[in-house]
Structures are given as C-alpha cells and as structure tokens.
Amino acid sequence: ISSRPFFITHERCVFFKNRDSLFVAMMKVETAQTEGIFLRASNAHYISPTSQNDMIDCCAQEVISVIVSEMTKSKIYAIMADEARDEKSEQLAVCVRYVSEGAVKERFLALAEIKSFDAQSIANELQQQIQNNGLAKLKCVAQTYDGAAAMSGSTGGVQAHFRRLHPEAIYVHCYAHELNLVLCHTCKAIPEAVELFSLLECVYSFFSTSLVSHHKFMEAHTRLGLTTIELVQLSNTRWACQLRSISAVLETLSAILECLSAIGSLIAVGLRAKLYKFSAVYALLMFQSLSVTEGLHKLLQKETLDLVEALICKQAVCDTHTDAFATELYERTKALCHTHSIPEPGAKTRNKQRKMEDFVLEATAGSRTELNNLDTLRRELLFPCVERMVGELEQRFCSVDAGLLKGIQACSPKCENFLSESHLNELAKHYSIDLKTEEVLVARNFLARKTEAGCSPKDMLSVHNLLDSDMFPSLKATIQVALTVPVSSCSCERSFSALHLLHSWLHQTMGQKRLNSLAVIASHMTAEKYDGVSEPF
C-alpha cells in the first residue's frame, strides 16, 4: 500500500502497462467485491486526493487500533524515539515495546514533525503522542533514545522531563548506538589506528576523485582476475563503513598495489610505500577481526532481544581476543604478506643519527617504537586496541541502575541469580509490584520439575510463557517488566528507511498527516491486516 506508485493517479503513473496505479486497481477490486458500501455513480472513481487521504487514514487507524488493543491488554509498555532530518523538517519517530500473546513486540506508533529542538519540546511531543493514542492510563516502564545530550541528559534531557511525568520509566541508552561509539572511539584513541584509517581515506580519494585512476583500478581487477569491488568511503560516526572499507582494501590489495606502481606519481608512490608494510597489513587484519562486533551489532537490532541476552553477548565479545588469537593473527599476516611479496619484519635498517642527543626534550618529537616483531605488534597495537574496546564496552553498557539490572538478570535462567528473591524484590518495588515470596518458591520447584521433564526454559521469554498468570500473577508481572525494557531504538531507525521512500522528490508537497499514516502502514505491512478498512471509509 505504501509503495511509491500506490497513490499516484494514472496521469503520473508510468509503472504499469494499463496506466492504472495500485490505488486505482484496489478501488476497482473493492467496488466489484463489496456490496452496499461502494454503491456509487458511474462518474465516481474515488481517486481524488481527499478520497486517497481518507483511505490512507482508515488503513493507518486500523493498524493503530490493533496495536493499542494489544498494549491495553499488556498494561505496560516502553517507549523509544529517534530524530531524523527530512529535507527542511525534523521528524520524530515514536515506537513502543510491549509483551503480547507470548511474544515481545516493537511497533511503530507515529511520525511527528517537531518545530523546537529543546528537550522539553521533544518530551511534550512524546507525551502528546501517548495521549493521542489513548495510552495515558498505561504504565510506561522504560524509555530508550540515543546518546545526544538533548535526549540523554540526566537533569535537562528528554529522559529527565519524561520521568517527571512517568517516574518509573528508566532510561536505557540505545546499545546499538553505544557499540558504534565504542568502536569509533577505540580507533581514534590509538595513534596507529588513526594513521591507518587516514591512509584508507587517502586511498579511497585517490581512486574515486580521478576517473583515469579509477579506470586503471578497474582494469587491474580484470587483469588479475579479481571480482570487481569498489572501495568504500569512511564515516566518522559509523563503524560499519570502516569495516567495509577495510574488507574492500584487503580483497583488492593486489590491484591497489599494482595500480599505484603503474601510476607512479608522488602521491601514488607515497600511498604504496605506506601500504607495502607488514605493520599496515597486520593492522588491516586486526581491525577486520573486530568484525566479531558486527554480529553483536546485528543482534542488538533484534526486536525480541532482552537486556540480559545483550549483556551476555557483549561479555562473550570481550572474552574473544586472547594470546592464541594474537599468534593466529600474526601468522595470517605473514601468509598474506608472502602472497603480495611484502617483506617480513626483522631486516636490519640503518639507524637514524641522534642529532639531539645533548638536549632536553619536552615532547616525543614523533619517535615511536618500530613494529617489527610479534611481541611489539601485540604490545603496541593489538592489546591497546582490545583493552580500549573492552574498557569502553564495560563502561558504556551499564546505563541501567545496578540494583534494577540485578533484578532483570534474576528473571533470566541464563544468570546465576535466577529467581533470587532479594534481586526480584528490588525490581518489583521500583514498579510498585507486590511480589509474593510464596510465588517465587513455588516457581523454583515448578521450573525444576519442568527441567527434569526435559522442558527447561531457555530464556526469559520462555519462563514468562511457562508461568500461569493466575498461579504466579506478581512474579509473571515482574518478568514482563524485564522483557519490556528495550535494548535499542533501532525500530525507530527502520521507520526512517520507509520515510526516505515515501517522502521522495516526487512527493515534496505531501502533508504531515498523510506522511504519518503512510509511515504507519509501511512499518506494519507484514504485521497487521486491513480487514476492517472498508467500513469506516
């Protein structure tokens, strides 16, 4: 329904042989199949802008009514929000997370244009969307945004203003954004990493700004029998771009070196000299090995992921890089260098003359340890990067209060404190849940018998689904809260993908109401049905 040609009349539609848009085709089907609703005059086609807007609004309201109905049954929810610029306006995407019918769901709720960018105005807009959709009487247990100061500020940010209206809504900094910041900051903190990515940017610029250089690069691909791969531009804020750039350089390294040698300009010679080093290849392979975090990044974008699972996977990534990994990385570097005839380290070089031997220096004057063996590479490059990354992960992945985090962990069978009454009580107390001690005791025995019968719960959601709401009302409510706390705000970013398709250069005059309704439909194309659309239309 929300595809670009759907609501285009036949005068502008060039995508179909019969010159009918999808909207016109749908109206013809509805007219033929629905009796009593579309009784109309022969000249009534329902393709005017007003009719289109009415149909769009009916579809969107049908979707929203299903979401609100599920949230009302759930009684609690979490809110997620993110901003994006759309041409000359700023759009705020609002999503919700809740547990319904034994599953965790994240749903897009609204797309609102914001006129003011201060924290109070954004918080007011969030509250307005809650009221507009009839969610004011439900309990909001958490809020998730990115790390911008206007959103995350503990005293003047959106989260602070929102908590004044919803005191129980804890703030979770989007873990997907956190991971991206961890990797970007790690690269900026290590001098060798800064040099490497500066070199990659120079290589990309060299082959992309000049058509002659780019043609020679493509010819080198053909001559060497390589799959045609374009180099990737780096981004200061997105680690995925850095990773793709490294992979592209490694896959086309032979073509790059040959092309730089053939061109022979001063810049080409300088770039080749920097790439034609053992330490440069080692650094490329080392940062490519950090692609293990790419799997974590994809995991953090899952709608059903809970906080405990995210922390467990984060710790697994932190424990990956060991001494055995360092040795294996060095051997891979040697093999790749041998393939491209890059000399191994260890050859003696002429020592530079010490001209400032008798002077006192207050700066290093650019002097660095030469990276020429396994121990030096590990000590000066690998371990500093890994330690910085692990330290950033430990520091940033702990935005939730320690006591509440223990309570959330106590809801998961993967944690050592599973069903710890003291930890569960702290979580239940924060959300005004009267947790019964006898329910916890009976639940332990109940789940133990399930384990003996071969039906042991694997995760937090399976525990929630095993517990009966009549037998364990307070315990199940506590676990439901833990499931409702979001890990990231990626659902909001997914809605921006639909926004870019909907508000294209062909539809610059589209109003905000129509855009919001189309975004709702596009975000739930596979999630909801529109059986009740015809009657209100």
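Residues numbered from 1 in each chain as written. Predicted model: local features only at pLDDT ≥ 70, side-chain atom pairs only at ≥ 80, totals over all residues. Heavy atoms only, no water.

What follows concerns the overall build of the chain. Helix and strand content of the chain: 23 helices and 5 strands. Counting across all 537 residues of the chain, residues that qualify as buried make up 48%. Sequence-distant contacts, at least 24 apart, represent 70% of the contacts inside the chain between residues at least 6 apart. Counting only carbon and sulfur atoms, one obtains 52% of the accessible surface of the chain, whose full area is about 27100 Å². (Helix = DSSP H or I, 4+ residues; strand = E, 2+ residues; numbered from the N terminus. Buried < 20%, exposed > 50% of the residue type's maximum accessible area, 1.4 Å probe, protein only. Contact = heavy atoms within 4.5 Å. Areas by Shrake-Rupley, 256 points an atom, 1.4 Å probe, with all protein chains shown as cover.)

Position of Lys-476 among the secondary structure elements: in helix H21 (residues 473-484). Separated by 41 residues in sequence, Lys-476 and Leu-435 have C-alpha atoms that sit 9.5 Å apart. Sequence-distant contacts of Lys-476, defined by excluding residues within four places in its chain, comprise His-464, Leu-467, Asp-468 and Ser-469. In this structure the side chain of Lys-476 is engaged in a polar contact, spanning 3.4 Å, whose partner is the backbone oxygen of His-464. (Polar contact = N/O pair within 3.5 Å; in protein donor to acceptor, adjacent residues only side chain to side chain.)

Moving on, we get to the pairing of strand S1 (residues 76-86). Successive side chains on a regular strand alternate, one facing one side of the sheet and the next facing the other. Taken across its 11 residues, S1 has 9 buried, putting it largely inside the fold. By the bridge criterion, 5 bridges tie S1 to strand S4 (residues 139-145) in an arrangement that is parallel. Bridge assignment links Ile-79 to a residue of S4, and that residue is Gln-143. The pairing of S1 with strand S2 (residues 89-100) spans 9 bridges and is antiparallel. Residue pairing for S2: Ala-84 is matched across the bridge by Gln-91. (Pairing = 2+ DSSP bridges.)

Here the focus is helix H14 (residues 307-318). Its 12 residues give H14 an end-to-end C-alpha distance of 17 Å, which sits within 8% of 16 Å, the value for a rise of 1.5 Å per residue. Among the residues of H14, those classed as buried are Leu-307, Val-308, Ala-310, Leu-311, Lys-314, Val-317 and Cys-318. Where H14 begins, one side-chain oxygen reaches toward the backbone nitrogen of Val-308, 3.1 Å away; that side chain belongs to Asp-306. (Expected span 1.5 Å × (residues − 1).)

When pLDDT is averaged along the chain, the result is 81, and 81% of the positions lie at 70 or above. When mean pLDDT is compared element by element in the chain, H21 scores highest at 94, while helix H1 (residues 22-33) scores lowest at 56. The model gives residues 1-19 a pLDDT under 50, and that stretch makes 39 contacts with residues more than four places away or in other chains. (pLDDT = per-residue confidence, 0-100.)

With that out of the way, let us pick up the nonpolar core. One finds Tyr-175, Phe-207, Trp-239, Ile-256, Phe-287, Leu-300 and Leu-475 to be the most contacted residues of the largest nonpolar core, which totals 110 residues. Beyond its immediate stretch of four places on either side in the chain, Ile-256 contacts Val-203, Phe-207, Phe-217, Leu-231, Val-249 and Leu-275. Judged by nonpolar contacts, the second largest core, of 48 residues, contains Ile-67, Tyr-77, Ile-79 and Phe-108. (Core = buried A, V, L, I, M, F, W, Y, C linked by side-chain atoms within 4.5 Å.)

In this section: the pattern of salt bridges. Scanning all chains against the criterion turns up 11 salt bridges. Of the charged contacts, one joins Lys-436 and Asp-434 as a salt bridge, the two residues approaching to 3.0 Å between their closest N and O atoms. Relative accessible area serves as the criterion here: at 34%, Lys-436 is assigned to the partly exposed category. One salt-bridge network, in which partners are shared between bridges, spans Glu-70, Glu-101 and Lys-105. (Salt bridge = Lys/Arg side-chain N within 4 Å of Asp/Glu carboxyl O.)

An ideal rise of 1.5 Å per residue puts 38 Å on 26 residues; helix H2 (residues 49-74) measures up with 37 Å between its terminal C-alpha atoms. Of the residues one or two after H2, Lys-75 is the one with positive phi, at around 75°.

A positive phi is found at Glu-101, a non-glycine position, where the angle reads about 55°. Relative to the elements of secondary structure, Glu-101 occurs in the loop between S2 and strand S3 (103-114). Within the chain, Leu-419 stands out as a residue other than glycine whose phi angle is a positive 60°. Mapped onto the fold, Leu-419 is located in the loop between helix H17 (402-409) and helix H18 (421-430). Judged by its relative accessible area of 3%, Leu-419 is buried.

By the secondary structure assignment, Lys-73 is in helix H2. Given a relative accessible area of 68%, Lys-73 falls into the exposed group. Sequence spacing of Lys-73 and Ser-100 is 27 residues, and the spatial spacing of their C-alpha atoms is 7.6 Å.

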